[in-house]
Amino acid sequence: PGIMEHVERTGIHSGDSIAVYPAQHIEDDMRAWRFWAAYLGFGNLHEMLLLPNVQQYLKAVLSIGCVEKNKEYTFSEFIAAVRPYCDLVIGDIPSDKRLNMAFSNGLRALHDEGIIQLSHKLDRGDMWFLYEAELHSVKSTVTHIVVRR
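Note that the structure is a prediction, hence the values are computed from the model and not measured.

Draft legend 1. Quick look at the packing of aromatic side chains. Counted according to the given criterion, the structure contains two aromatic pairs. Arranged with centres 5.9 Å apart and planes meeting at 45°, the rings of F75 and F78 form a pair that is tilted. Here F78 and F75 lie together in helix 3 (residues 75-90), a separation of three residues that amounts to about one turn. Where F75 meets W128, the ring centres are 5.6 Å apart and the plane angle is 55°; that geometry is what we call tilted. Of the two residues, F75 sits in helix 3 while W128 sits in strand 7 (residues 128-129), which places them 53 residues apart along the sequence. Judged on exposure class, the residue F75 and its partner W128 are both buried. Feature note: the residues F75, F78 and W128 constitute an aromatic cluster, connected by ring pairs.

The following block contains the structure:
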């Protein structure tokens, strides 16, 4: 299994073209696809990796009504409610409750838009860790969430 690269696209029949296996210039093509995907809003580029646009994905999940609006949830309750719909973007959660970069940034973007409110309440045992963002108001730890809209 692999990817073939068309070298010469001539003629109208499949036997008229020349292809090589494995592809020789796939890295340039993948870079172009990543840029276009980011430009079209499917994700964000981070060191040439395409991170899915979790903000839009979470907006869609929240719009189906899996959580009540204006009700405060512990973060564990929130994860349990949305996980069936977004297991793909949450991924495996380690025992230390550290969330991946894409999911963390999606939550922060929704927080900035006023769609959700992330908070850290002192002396709460159920603490979750977002991917570190020192310059954001929600740096890393959260215990509660409210879905506003």
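That was the structure; now back to the text.
Draft legend 2. Spotlight on the packing of helix 2 (residues 54-63) against helix 3. Where helix 2 contacts helix 3, the two axes come as close as 10 Å, and the packing angle between them is 125°. When the axis of helix 2 is compared with that of helix 3, the two are oblique. For the crossing formed where helix 2 meets helix 3, the hand is right-handed. Residues V54, Y57, L58, V61 and L62 of helix 2 touch helix 3, and the partners they reach there are F78, V82, Y85, C86 and V89.

Draft legend 3. Region of the structure containing the nonpolar core. The biggest cluster of nonpolar side chains holds 28 residues, and the ones touching the most others in it are L62, F75, F78, F103, L107, I116 and L118. Contributing elements (two or more residues each) for this core: helix 2, helix 3, helix 4 (101-113), strand 6 (116-119) and strand 9 (144-147). No other element matches the eight residues that helix 3 contributes to this core.

Draft legend 4. Region of the structure containing the sheet that holds strand 9. Strand order across the open sheet formed by three strands is 5-9-6, with antiparallel pairing between neighbours. Lying at the two open borders of the sheet, with one neighbouring strand each, are strand 5 (72-74) and strand 6. Ignoring which end each strand starts from, the neighbouring axes of this sheet average 25° apart. Direction of pairing for strand 6 relative to strand 9: antiparallel, over a ladder of four bridges. In the strand pairing of strand 9, L118 is matched with I145.

Draft legend 5. View of the side chain of S104. Within the secondary structure, S104 sits in helix 4. There is a polar contact of 2.8 Å between the side chain of S104 and the backbone oxygen of N100. Apart from residues no more than four positions distant in its own chain, S104 is found in contact with L99, L130 and Y131.

Draft legend 6. A look at the pairing of strand 9. Both faces of strand 9 are covered, namely the face carrying H144 and V146 and the face carrying I145 and V147. Bridge analysis of strand 5 against strand 9 gives three bridges, and the strand direction is antiparallel. For E72, the partnering residue across the bridge sits in strand 9 and is V146.

Parameters at a glance
- Residues numbered from 1 in each chain as written.
- Predicted model: local features only at pLDDT ≥ 70, side-chain atom pairs only at ≥ 80, totals over all residues.
- Heavy atoms only, no water.
- Phe/Tyr/Trp six-rings, centres within 6.5 Å; stacked < 30°, edge-to-face > 60°.
- Helix = DSSP H or I, 4+ residues; strand = E, 2+ residues; numbered from the N terminus.
- Buried < 20%, exposed > 50% of the residue type's maximum accessible area, 1.4 Å probe, protein only.
- Axes fitted to C-alpha atoms, helices over the stretch in contact; angles between N-to-C directions.
- Parallel < 35°, antiparallel > 145°, perpendicular 65-115°, else oblique.
- Left-handed = near helix turned anticlockwise from the far one by under 90°.
- Contact = heavy atoms within 4.5 Å.
- Core = buried A, V, L, I, M, F, W, Y, C linked by side-chain atoms within 4.5 Å.
- Pairing = 2+ DSSP bridges.
- Polar contact = N/O pair within 3.5 Å; in protein donor to acceptor, adjacent residues only side chain to side chain.

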